[in-house]
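Fold and geometry: a report
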Amino acid sequence: MRSIKTDKKDCRTIAKAYFTADSKDTLVEPIVESIHNQMRQLNRYYVDSMVHLVKAKVSFNAQLDCVFPGLKKVFPDLYSDAAVVLITRYKHPDIIKGKKSDDIAKYLKKNTRHGEAYCKRKAIAVLEYSKRTCSGCKKDDIDCDILVDLMGTVSFFNAKCKNILSQLVELSRETDIFEPILSIPGIGENLAARIVAEIGDITRFKGPKQLIAYAGTDPHVYQSGIRDGLHLSISKKGNKNLRTVLYLAVSCHLRTKTKNTTVITEFYEKKKQQGKPHRVAQVASLNKLIKVIYSVSINKTIFE
């Protein structure tokens with residue numbers, strides 16, 4: 001995976017893989033049914049479901065701006081249970097105009113987990129909103145039905161993503177490296193489970209440098225003639241899903257630097273003091289985080 005000239009080695013490896021299929025000589029990882037394989041597949045399924053969820057949310061927000069323009073002022077979280085129940089029940093602002101605030105409050109209280117005071121407050125706010133808003137369609141238009149259908153699609157994929165993550169966390173708890181990775185500041189259960197899923201069996205890496213190469217965050221090497229190979233971007237080879245999750249992990253870790261000072265945050269500040277841009281310092285901290293992950297996982301120790 002490293003960007004160096006390995007033409008002869010590559011040809012020999014491909015030839016052995018094709019003619020002999022000797023996994024010992026070709027370093028081909030055998031495909032076995034294991035917990036690591038299940039977790040990896042679950043994480044890939046989660047990523048795919050998240051893509052569909054994002055697309056559904058984009059379509060839903062576009063349709064909502066047409067039917068219920070400015071509803072976010074009433075419900076800052078458009079995907080909360082109260083907002084979902086209201087949109088599903090009353091598909092258009094004109095339908096809400098003919099209702100009483102008490103009836104709306106009772107319906108919200110019956111179909112959500114909120115208390116009576118919250119439901120009455122939201123019912124009054126929704127009723128006032130419906131009187132002053134101007135919808136982009138009529139209450140009998142097909143746009144209202146499309147909005148309800150998109151709301152169902154968002155709820156479906158949202159529930160699916162939560163279910164996949166819960167399965168992933170349960171499987172991760174059976175591994176030895178879940179708790180050590182979870183102990184690192186800025187990494188929660190969901191993120192730790194996804195890191196474990198993409199790393200797999202960490203014992204197959206001889207050291208942290210191999211894990212860095214597997215994540216594709218090692219520096220891109222190019223030296224030819226007068227080019228010295230300095231100031232080049234990362235190779236971006238290997239496992240892009242692992243690289244994405246680790247980028248989220250280091251971003252979360254750096255957000256907690258005001259509360260927790262660790263070797264990673266100190267390393268980031270050191271790079272910033274050297275005049276490195278934020279992105280360069282962040283990638284360097286990412287590699288530092290990989291070394292920490294490898295160390296706590298191999299030694300099975302808690303991060304301190």
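Structure report, in brief.

About the criteria used
Residues numbered from 1 in each chain as written. Predicted model: local features only at pLDDT ≥ 70, side-chain atom pairs only at ≥ 80, totals over all residues. Heavy atoms only, no water. Helix = DSSP H or I, 4+ residues; strand = E, 2+ residues; numbered from the N terminus. Buried < 20%, exposed > 50% of the residue type's maximum accessible area, 1.4 Å probe, protein only. Contact = heavy atoms within 4.5 Å. Areas by Shrake-Rupley, 256 points an atom, 1.4 Å probe, with all protein chains shown as cover. Salt bridge = Lys/Arg side-chain N within 4 Å of Asp/Glu carboxyl O. Core = buried A, V, L, I, M, F, W, Y, C linked by side-chain atoms within 4.5 Å. Lys, Arg positive; Asp, Glu negative; His and termini not counted.

1. Here we look at the overall build of the protein
Per the secondary structure count, the protein includes 14 helices and zero strands. Sequence-ordered secondary structure for the protein, helices as α and strands as β, is α-α-α-α-α-α-α-α-α-α-α-α-α-α. Across the 304 residues in the protein, those meeting the buried criterion constitute 39%. Sequence separation of at least 24 residues holds for 67% of the intrachain contacts in the protein that already meet a minimum separation of 6. When the accessible surface of the protein is split by element, carbon and sulfur atoms take 53% of a total near 18100 Å².

2. Concerning the pattern of salt bridges
The final tally for this structure, using the stated rule, is six salt bridges. We note a salt bridge from K91 to D145, for which the minimum N-O separation is 2.8 Å. Of this pair, K91 sits in the loop between helix 4 (81-89) and helix 5 (93-97) while D145 sits in helix 8 (residues 142-172); the two residues are 54 residues apart in sequence, bridging distant segments of the chain. Residue D145 is classed as partly exposed on the basis of its relative accessible area, which comes to 36%. Close ionic contact of R173 with E189 constitutes a salt bridge, the shortest N to O distance being 2.5 Å. Separated by 16 residues along the polypeptide, R173 in the loop between helix 8 and helix 9 (178-182) and E189 in helix 10 (residues 189-199) bring together distant segments of the chain. On the accessibility criterion, E189 (36% relative accessible area) is partly exposed.

3. Considering the nonpolar core
In this structure, L71, F75, I195 and L211 are the most contacted members of the largest nonpolar core, which totals 77 residues. No other element matches the twelve residues that helix 8 contributes to this core. Beyond its immediate sequence surroundings of up to four residues, I195 is in contact with I181, I187, L242, V245, L246, A249 and I293.

4. Some thoughts on the side chain of K122
Relative to the helices and strands, K122 is located in helix 7 (residues 116-132). Buried within the structure, K122 lacks any salt-bridge partner; D81 is the closest side chain of opposite charge, at an N-O distance of 10 Å. When sequence neighbours within four positions are dropped, the list of residues in contact with K122 reads V74, F75, P76 and L108.

Fair warning: the whole summary comes from geometry, so function is off the table for now.
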